[in-house]
Amino acid sequence: MGEAEKHNVEQEKPCGYNINDNADLLAEILARLDGRSLCAAACVCRLWGAVSRKDAVWEALCNRHVSSSATDSSFPGTRTVVAALGGYRRLYRRCVGPMFDRLASSGDHGPQSSAVAAAAAARLSLSLFSIDCYERLSVGGLQRPSSLLFLGSAVDVT
Amino acid sequence: MKTEHLESCRGGGIGGFLPSKGKMMAMEETDAGMDEQLAALGYKVRASDMANVAQRLEQLDMAIGGSAAQDDALLSHLASDTVHYNPSDISNWLENMLSELNAPPIPAPTATHPKSISFDFPSENLSSSVPNPFDPDYCLRSDYQVEGRSRNRKRMRTSSSSSSTSRTAAPAIESISAVVAATEVSSTNPVVVMVDSQEAGIRLVHALLACAEAVQQENYKAADAILKQISILASSQAGAMRKVAGYFAEALARRIYRLHPTQDSFFDSAFSDILEMHFYESCPYLKFAHFTANQAILEAFSGFRRVHVIDFGIKQGMQWPALMQALALRPGGPPSFRLTGISPPSPDNSNALQQVGWKLAQLADTIHVNFEYRGLVANNLVDLEPFMLESDESEAVAINSVFELHNLLARPGAIEILLSTVRSLRPRIMTVVEQEANHNAGSFLERFTESLHYYSTMFDSLEGVAGGEGQQDQVMSEVFLGRQICNVVACEGPERTERHETLAQWRVRMNGAGMRPVNLGSNAFKQASMLLALFAGGDGYRVEENEGCLTLGWHTRPLIATSAWCVAAAGESG
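Reading the values: rules and limits
- Residues numbered from 1 in each chain as written.
- Chains lettered and ligands numbered in written order.
- Predicted model: local features only at pLDDT ≥ 70, side-chain atom pairs only at ≥ 80, totals over all residues.
- Heavy atoms only, no water.
- Contact = heavy atoms within 4.5 Å.
- Buried area = accessible area lost by both parts, 1.4 Å probe.
- Polar contact = N/O pair within 3.5 Å; in protein donor to acceptor, adjacent residues only side chain to side chain.
- Helix = DSSP H or I, 4+ residues; strand = E, 2+ residues; numbered from the N terminus.
- Salt bridge = Lys/Arg side-chain N within 4 Å of Asp/Glu carboxyl O.
- Buried < 20%, exposed > 50% of the residue type's maximum accessible area, 1.4 Å probe, protein only.
- Phe/Tyr/Trp six-rings, centres within 6.5 Å; stacked < 30°, edge-to-face > 60°.
- Lys NZ or Arg CZ within 6 Å of the ring centre and 35° of its normal.

Caption draft 1: Focus on the interface of chain B and chain A. Every contact between the two is made by 31 residues of chain B and, on the other side, 34 residues of chain A. The contact between chain B and chain A buries some 3000 Å² in all, and 72% of this surface belongs to carbon and sulfur atoms. Looking only at chain B, the three residues that lose the most surface to chain A are Leu329, Met530 and Leu534 of chain B, adding up to 24% of its buried area. Counting across the chain B and chain A interface gives 3 residue pairs in polar contact (both at pLDDT 80 or more). Sorting the residues of the side of chain B that touches chain A by element identifies helix 11 (265–282), helix 12 (285–300), helix 13 (320–328), helix 14 (352–366) and helix 20 (522–533) of chain B as the ones contributing at least two each.

Caption draft 2: Up close: the pattern of salt bridges. Residue and element names in this part refer to chain B. Under the counting rule described, the total for this entry stands at 19 salt bridges over all chains. Close ionic contact of Glu463 with Lys243 constitutes a salt bridge, the shortest N to O distance being 3.0 Å. In this pair, Glu463 is assigned in the loop between helix 17 (444–462) and helix 18 (468–490) and Lys243 in helix 10 (residues 239–257), connecting sequence segments 220 residues apart. What makes Glu463 partly exposed here is its relative accessible area of 30%. A salt bridge links Arg254 to Glu250; the shortest N-O distance between them is 3.0 Å. Of the two residues, Arg254 and Glu250 both sit in helix 10, 4 residues apart, roughly one turn of that helix. Several salt bridges share partner residues, and in doing so they unite Arg255, Arg447, Glu492 and Arg496 into one network.

Caption draft 3: Spotlight on the packing of aromatic side chains. Summed over all chains, the structure comprises 12 aromatic pairs over all chains. Ring plane angle 90 degrees and centroid distance 5.1 Å describe the contact between Tyr454 of chain B and Tyr455 of chain B, whose orientation is recorded as edge-to-face. The two residues Tyr454 of chain B and Tyr455 of chain B agree in class, both being buried. On the numbers, 5.0 Å between centres and 75 degrees between planes, the contact of Tyr541 of chain B with Trp554 of chain B is edge-to-face. On the criterion of sequence distance, the pair formed by Tyr541 of chain B in strand 9 (residues 541–546) and Trp554 of chain B in strand 10 (residues 549–554) is long-range, its members being 13 residues apart. One aromatic cluster in this structure is built from Phe248, Phe444, Phe448, Tyr454 and Tyr455 of chain B. Above the ring of Tyr134 of chain A, the side-chain terminus of Lys359 of chain B is found at 4.5 Å from the ring centroid. Here Arg509 of chain B stacks its cationic end above the ring of Trp506 of chain B, 5.7 Å away from the centre of that ring.

Set out below in structure tokens:
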């Protein structure tokens, strides 16, 4: 009897904390997910979808993959350029994600994930991204930009 | 189960090895001794029958071991209620085995003995019913018909044994080939061909070389005859080898018949741009070229506030977004970036050159890089004068040439003029990407042989491309390379612009023109290696360092080389 009452009382009390109340905290948490989980999280509800679309979340994800060391390119500068080229979400979707999927499937990146390799990966993904952005500039939807097809990331087809 | 190849030589004897599943040993190349040797092992074969027996052994081998799909059914069939025949009477044993194994439906109203095609004999008796070897689709068509009828989709195809026995009297080699030529590839007969694909591949290469030699000796009749055989042999191959053979055969045909590709320059230049885009997408060669050159240019530009890049062949400008992005992210901020793009005149007067500039300017604007663009139209690079490029003292100049320099070798003296123009611009760096092959020196036959190896390797590397869009890319890339092949083989004199030279030869030229090499750093190497790791099916690509230059190759064969140069100071020798 007593336990049931206590149980009822606990159910009536407010839950204490709802993550949906604090979008910034949610963003912090989602920023620690990997790409696929983040996309899945975006499908949960409207709030989560909105938070998942924040570029900062994807920026954190990209930087984790290609952790640009402090000695490498200037950090704020990178953000400006990436934003101008289309944003981190697109960078991840078009370049970083497929790149790391491909590298992981070829298997040999365990011992190799040194800072140097990560820096090379960062440069490469930015280069590829800029080419992709360049291709999008003139076509205006007539022709699919195709320089990244070799990464196997079919654009919006599946 | 490894099959060693049977080779028939004249006179009906057999040299070579018999399949290893029986307890047989290598045969010597004697005629009368055959029977006794086999008899010593316990097998009774008539000497006159040897050719036939050997061939049917081969058939049997392929029937048993040829198709992976049929393996299980076959082996279980063999293992279970098989009647075992006495193998000592080989001819009959083979017939029985073959008739058992060939019970699965392989409809072949006619069958032929194409195996012993040999072509070092005059071929007047070839009939005229062989389809036109000019048509590059020819090989594909005949191949599809054969494949459509045979269930065995791998290279080996079997023929029914019943009809083969009717042609036993081991005929002379000459008439075998005549039979083949006349009946094999007629388009109405669904011919199922038994060909040992690997050996046919070797013979195909020999045929191509023999044809080239005939062309060199100006023996055009023989060359024409050999061409027909090339077409037949090529249809038995799969994949890259067939396509390469097709392009080389077409080029040889053009050379023999003096058919120059119709120079419709409007269609031509638009088409080659499209082809080059597909080549860019499907394989890493152009991307490798761009990335390694950009890295060298980026490093040479460090510290300069104003930079100027002169691109000898701007095409679609795909190289420059990445450089602009890297300049934008440079510690200390981007320099002001000036680009001069040079291109041949566009026949329809479209301002493609300007459009490239607009696109690049748009991109530069979004990433906040000061950008200036100038387009120069030049029929030939040698017409460039330093004043046209309007470079001033305070800016760092880089010159970029991707697959452009070799075209100048068609006119004697042109390359020296261009290099002296380059020197007078005093560039900080000149990046040169060229094919790593010697397609310019020596006789026609040497050139042919070299280019055959080179393009076979290139086509092999393209085979890994998969997927729907990838297929189209692959085909277009092959057409793109096919045009180069045509130029290398079929043209001469000033028309032959694809005059590739090796890195070593370019080193000599550049040193002679007063340039000294600049080492491409490890950053370029790492970026290139990572780029290659991204190409699916690209395990065969190799980046190698060659005395400060980088080469990209397929397995052991380097195919393109990037090098960087700067002006040697006075007093430095090359």
